[in-house]
Amino acid sequence: MTTDKIIVALDVPDVESAIALVDKLPQVNFWKVGLELFTSSGPTIIELLKSRQKRIFLDLKFHDIPNTVAGACRAAARYGVDLLTIHATAGRDALKAATEAVQVGAAQTGVEPPKLIAVTLLTSISSRQLAFDLKIPLELPEYILEMALMAQEIGLDGAVCSPQEVVQLRQTCGDDFLLVCPGVRPTWADKVDQKRSLTPAQAIQAGADYLVIGRPITAAAEPDLAWKRISEELTTVV
Ligand SMILES: O=C(O)c1cc(=O)[nH]c(=O)n1[C@@H]1O[C@H](COP(=O)(O)O)[C@@H](O)[C@H]1O
């Protein structure tokens with residue numbers, strides 16, 4: 001089912017709000033725990049999601065020296081989550097250390113290692129910001145491709161990119177490389193801080209493996225209605 005490709009971002013301040021949302025949307029099978037929720041509540045939310053048989057994307061976007069990243073990846077992999085993020089800009093050595101560390105961590109608790117995916121360039125960054133603020137001299141699509149190819153060469157399972165880059169990355173990185181896309185906006189939702197977005201139907205059509213959607217659902221007056229509208233949109237995708 002196409003709705004299995006939607007990961008809903010649990011960007012809420014505490015466990016109580018998170019679980020209220022999870023219970024309000026029983027049809028959602030894949031949830032993302034990110035920096036806000038994990039920083040406020042720690043692994044409790046992981047246990048609660050697991051007890052409800054949910055899949056989990058632990059989005060902690062590690063970005064540090066290889067030794068520190070490896071330690072964090074070992075710890076995260078012990079939880080038995082499905083997806084885990086690291087910034088590609090942590091560099092080649094940190095990415096390599098992370099790929100080894102998730103195997104070690106998972107083996108320590110006898111769980112499946114998470115798919116490790118590299119954030120290529122945050123979807124809140126525009127071409128202009130890439131050039132003028134970050135001083136990256138490459139064109140944005142080329143920069144994203146370089147980040148994804150480095151991650152793939154090192155052995156990561158996939159990349160986080162905006163839906164606008166999916167066609168190019170799919171062509172170059174092939175079908176086995178996971179492409180996880182935030183920055184997804186139905187036509188009726190506000191883009192807010194997302195700079196490189198497409199609609200859910202366009203993102204799936206482009207070839208995204210997963211769509212990460214937060215506020216269009218979680219900040220809606222009626223989250224279940226928002227989910228239903230997105231699910232209906234996706235039924236139009238062939
Ligand atoms: O790694 C991510 O999930 C991520 C990467 C990125 O480049 N952009 C991005 O928005 N995200 C996450 O995706 C979610 C998007 O949320 P909404 O903008 O509310 O749909 C947030 O939880 C972000 O932390």
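Shown above is the structure to which this text applies.
Since the model is a prediction, treat every value here as computed from it, not as a measurement.

S.K.: Is there a simple way to think about unusual backbone geometry in this case?
M.R.: Keep in mind that most residues, glycine aside, have a negative phi and that most peptide bonds are trans. Residues other than glycine seldom take positive phi values, yet Lys135 does so here, at roughly 60°. Under the relative-accessibility criterion, Lys135 is labelled exposed at 61%. The residue Val192 is not glycine, and still its phi comes out positive at about 50°. Within the secondary structure, Val192 is located in the loop between β7 (178-181) and α9 (200-206).

S.K.: In this structure, what is going on with the side chain of Thr120? I would like to understand it.
M.R.: Its place among the elements puts Thr120 in the loop between β5 (115-119) and α6 (127-132). Owing to a relative accessible area of 3%, Thr120 belongs among the buried residues under this scheme. A distance of 2.7 Å separates a polar side-chain atom of Thr120 from the backbone oxygen of Val160. The residues contacting Thr120, other than those within four sequence positions of it, are Tyr143, Ile144, Met147, Ala148, Ala159, Val160 and Cys161.

S.K.: How should I be thinking about the site of the ligand in this particular structure?
M.R.: Taken together, the neighbourhood of the ligand is formed by 17 residues, with Asp11, Lys32, Thr123, Arg185 and Arg215 sitting nearest. In this structure, an oxygen atom belonging to the ligand sits 3.1 Å away from a side-chain N or O atom of Lys61. In the model, an oxygen atom of the ligand is placed 2.8 Å from a nitrogen or oxygen of the Gly214 main chain. Here the ligand has 510 Å² of accessible area as a free molecule, and 90% of this is covered by the chains. When contributions to the shell around the ligand are tallied by element, the ones reaching two or more residues are β3 (55-62), β8 (210-213) and α10 (215-218). The biggest single contributor to the shell around the ligand is β3, with 3 residues. When the residues that make up the shell around the ligand are grouped by side-chain class, the tally is 8 nonpolar, 3 polar and 6 charged.

Conventions and cut-offs
Residues numbered from 1 in each chain as written. Predicted model: local features only at pLDDT ≥ 70, side-chain atom pairs only at ≥ 80, totals over all residues. Heavy atoms only, no water. Buried < 20%, exposed > 50% of the residue type's maximum accessible area, 1.4 Å probe, protein only. Helix = DSSP H or I, 4+ residues; strand = E, 2+ residues; numbered from the N terminus. Polar contact = N/O pair within 3.5 Å; in protein donor to acceptor, adjacent residues only side chain to side chain. Contact = heavy atoms within 4.5 Å. Near = heavy atom within 4 Å. Areas by Shrake-Rupley, 256 points an atom, 1.4 Å probe, with all protein chains shown as cover. Nonpolar A, V, L, I, M, F, W, Y, C, P; charged D, E, K, R; others polar.

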